[in-house]
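# Coordinate analysis (summary)
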Amino acid sequence: MKSLLLISGGLDSSSAAYYYKDKDYDCLYVNYGQKSASMQYKYAKLNCENLNKKLIYVNIRELGKAFYSDNWLRPHEPISHRNIILLSIALTFAKEKGYDEVIFSTVSDECIYETNKPEILKEFKNLGETLGIHVIMPFLNLSKAMVLKIGVSKGLDPVNTYSCLLGGKYHCGKCRQCELRKMAFKEAKLEDPTRYLF
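These lines cover the structure that appears in this document, whether it is placed above or below. Because the structure is a prediction, the values reported are computed rather than measured.

## Some details on the nonpolar core
Formed by 24 residues in total, the largest nonpolar core has its most connected members in L6, L28, V30, L87 and V102. Of all the secondary structure elements, the ones that give two or more residues to this core are β1 (3-6), β2 (25-31), β3 (55-59), α4 (82-97) and α5 (117-131). Ranked by residue count, the leading element in this core is α4, at seven residues. One finds I7, Y25, V107 and V147 within the second-largest nonpolar core, a separate group that totals 20 residues.

Here you go:
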């Protein structure tokens, strides 16, 4: 069975990559115009190389420009319901290229940008079954802290991950994703190796 793992270079998807390291899968990274794309891709590529996994890069960054064009104050936030974009691409790619399943590593932590996430993910699982693609969400009922511990236990070095929404060389320490990252290390009782600006 061949799988396709959506990877962003962050804690959750990188943990999934290590959790499934003995599984036959390729990784899919989507640049949809997020400000942090270059840094995300850097670490997604690094972990794929470490695991000897193929990384497929999809560039639709013009999409992000269309979403942000009328709201210049918003580039520091992700597109609402971006999971719809990512899963749509992953399912279509999987169907066209002959993959049997898609691995999506979302966690249970509350998402302020996607308040109805459970219902959306349920519909995508149903859509996957209609297409003959099994959608696996192994961390759906786990906290980010628990997922981090799983990743580390499987060999992930969290210094080789990126979470910040701003896309700088170092994590800002103040955006929503940086705050969640800090909280995950604290709750997991693991030393945080991340360099934050604030």
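Still to come is the rest of the account.
## A few points about the environment of I89
Relative to the helices and strands, I89 resides in helix α4. When neighbours within four sequence positions are excluded, I89 is seen to be in contact with L28, V30 and I60.

## Observations regarding the side chain of T106
Along the chain, T106 falls in the loop between β4 (101-103) and α5. With near-sequence residues (within four places) excluded, T106 lies in contact with K117, L121, F139 and L140.

## Comments concerning the pattern of salt bridges
In total, this model carries four salt bridges according to the counting rule given. Residues D26 and K2 are paired through a salt bridge, measuring 3.4 Å at the closest nitrogen-oxygen approach. With D26 in strand β2 and K2 in the segment before β1, this pair connects stretches of sequence that are 24 residues apart. Classification of K2 by relative accessible area gives partly exposed; the value is 25%. Salt bridges here are not isolated pairs; linked through shared partners, they connect K2, D24 and D26.

## A few points about the sheet that holds β1
Within a beta sheet, neighbouring strands are joined by backbone hydrogen bonds and run either parallel or antiparallel to one another. Taken in spatial order, the five strands make up an open sheet running β3-β2-β1-β4-β5, and their pairing is parallel. In this open sheet, the two edge strands, each paired with only one partner strand, are β3 and β5 (134-136). Within the sheet, the average angular offset between the axes of one strand and its neighbour, ignoring direction, is 25°. As judged from the four bridges shared by β1 and β2, these two strands associate in the parallel manner. Residue L5 lies in a different strand from β2, and its bridge partner there is C27. Those strands touched by helix α1 (residues 11-19) are β1 and β2, and its axis lies near 150° from that of β1. Contacting β2 and β3, helix α2 (residues 37-51) runs over the sheet at an angle of about 170° to β2.

## Examining the environment of L51
Positionally, L51 belongs in helix α2. Residue L51 is classed as buried on the basis of its relative accessible area, which comes to 15%. Along the backbone, L51 and G173 are 122 residues apart, and their C-alpha atoms lie at a distance of 28 Å. Ignoring any residue separated from it by four or fewer positions in sequence, one finds L51 in contact with A17, Y18, K21 and Y25.

About the thresholds
Residues numbered from 1 in each chain as written. Predicted model: local features only at pLDDT ≥ 70, side-chain atom pairs only at ≥ 80, totals over all residues. Heavy atoms only, no water. Core = buried A, V, L, I, M, F, W, Y, C linked by side-chain atoms within 4.5 Å. Buried < 20%, exposed > 50% of the residue type's maximum accessible area, 1.4 Å probe, protein only. Helix = DSSP H or I, 4+ residues; strand = E, 2+ residues; numbered from the N terminus. Contact = heavy atoms within 4.5 Å. Salt bridge = Lys/Arg side-chain N within 4 Å of Asp/Glu carboxyl O. Pairing = 2+ DSSP bridges. Axes fitted to C-alpha atoms, helices over the stretch in contact; angles between N-to-C directions.

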